[in-house]
Amino acid sequence: MLFRSFRRRRLRRGDFPAAWDAILRAEMPLYARLPEPDRRELQGWIRVFLAEKYVEGCRGMVVDDRVRVLIAAQACVLLLRRAHDVFPGMRTVLVYPGTFMGRARTTGPGGVVTLSEDPRLGESWFTPIAGGPVVLSWPEVVAGAADAHDGRNVVLHEFAHQLDAESGEMEGMPWLGNLDRARQWRTLLAREQRRLGAQAWARQPTVLNTYGAQSPAEFFAVAVEAYFERSAALRAHHPELYDTLRAYFEIDPAAEWERGGTAAAGHGAA
Ligand SMILES: [Zn+2]
């Protein structure tokens, strides 16, 4: 434990490779736009992330620095400024060269178990003791970094699920450290999830991706995407949700990162 915090401190203080900086300036507009102290902090966490996590290519995907750095940088945006343990449940990121097949297991009436497969862009696994990997489609990683204002970012989405899992289960709530706060969070998110479901049903334009109406866990993940990518619109249309996320992330993207950012609403289903 002590050794790990010593090693993390050393990694965070070390130089950030110029080649990594060039990759991020070219491919992740948010990185170039960050205030200097945030960018320096992000660089430190990228170095820690890449020292502690393993990024593995699947189905012929070649993993080079571009792949590793672009994933780590987007994931580590979720760690800035607050106390955290660098996604403690996740040790491996699996990267596919495109969509991959995900397996779902559902139990229907009479206990009939159905196994199904469908194409996925990203997945986040969690088991209470062993944690689990994040699985990503590489073109989505690139697209997520390139457009910081469309409210869609597969890396933010899947790593938001990992934050969610830090509370012990994936149920739409990260570790909040306080029961009252957890109760308020649950009530607010349930209300917002119902509202999103009603808006999707009525085919109204939404700031949040309507995929979030599926479950509390998906609601939290799409709310995190919107918080960082459509922050001004989220603050305008969902102020209570925005404030709740701000209290957790200890960052105010709409006020601090969004000078001149877009506030347009209207986003369809995933
Ligand atoms: Zn999800």
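Up top you'll find the structure we're talking about.
Described in the following lines is the structure provided in the data block. In this convention, every chain numbers its residues from 1, walking through the sequence in written order. Note on the predicted model: pLDDT of at least 70 is required for a residue's local features to be given, and 80 or more for side-chain atom pairs to be given and counted; whole-chain, interface and lining totals, by contrast, use all residues. By convention in this description, side-chain values take in all heavy atoms of the structure and omit both hydrogens and water.

Below, the discussion takes up the layout of surface pockets. Space inside and on the surface of the protein is sampled on a 1 Å grid over the protein atoms alone, with a cavity defined as a set of points where a 1.4 Å probe fits but cannot get out and a pocket as an open set with protein on both sides within 12 Å along at least 5 of 7 lines; lining residues have an atom within 4 Å of a point. Grid points are joined across faces, edges and corners, and a volume is the space filled by probe spheres set on the points. Taken as a whole, the largest pocket holds about 850 Å³ of empty space. If you go around the largest pocket, you meet 31 residues; those closest to its centre are Gly-122, His-157, Glu-158, Tyr-211 and Glu-218. Helix and strand definitions follow DSSP, with helices as H or I runs of at least four residues and strands as E runs of at least two, each counted in order from the N terminus. Listing elements by their share of the lining of the largest pocket, those giving two or more residues are β3 (100-107), β4 (113-120), β5 (122-124), α6 (138-146), α7 (154-165) and α9 (216-229). Counted by class, the lining of the largest pocket contains twelve nonpolar, nine polar and ten charged residues. Source of the domain bounds: an automatic or database domain assignment. Counting residues domain by domain, the lining of the largest pocket receives three or more from each of domain 1 (1-162) and domain 2 (171-270). Taken as a whole, the second largest pocket holds about 180 Å³ of empty space. Contributing to the lining of the second largest pocket are Arg-82, Ala-83, His-84, Asp-85, Glu-166, Trp-175, Leu-176, Gly-177, Arg-181, Ala-247, Tyr-248 and Glu-250. Ten residues, namely Ala, Val, Leu, Ile, Met, Phe, Trp, Tyr, Cys and Pro, are considered nonpolar, four, namely Asp, Glu, Lys and Arg, are considered charged, and the remaining ones, Gly among them, are considered polar. Considering only residue class, the lining of the second largest pocket consists of five nonpolar, two polar and five charged.

For the rest of this paragraph, the subject is the packing of α9 against helix α11 (residues 239-249). Only the stretch in contact is used when fitting a helix axis, every axis being a line fitted to C-alpha atoms; angles between N-to-C directions are given from 0 to 180 degrees. One way to put it is that α9 packs onto α11 with a least axis distance of 11 Å and a crossing angle of 85 degrees. Between α9 and α11, the angle falls in the class roughly perpendicular. Residue-level inspection shows Phe-219, Phe-220, Ala-223, Val-224, Tyr-227 and Phe-228 of α9 in contact with α11, the latter providing Leu-241, Tyr-242, Leu-245, Arg-246 and Phe-249. In the contact of α9 with α11, the residues fall into ten nonpolar, no polar and one charged. Roughly parallel means an angle under 35 degrees; roughly antiparallel means over 145; roughly perpendicular covers 65 to 115; every other angle is labelled oblique. Contacts are assigned to residue pairs with any non-hydrogen atoms lying within 4.5 Å of each other.

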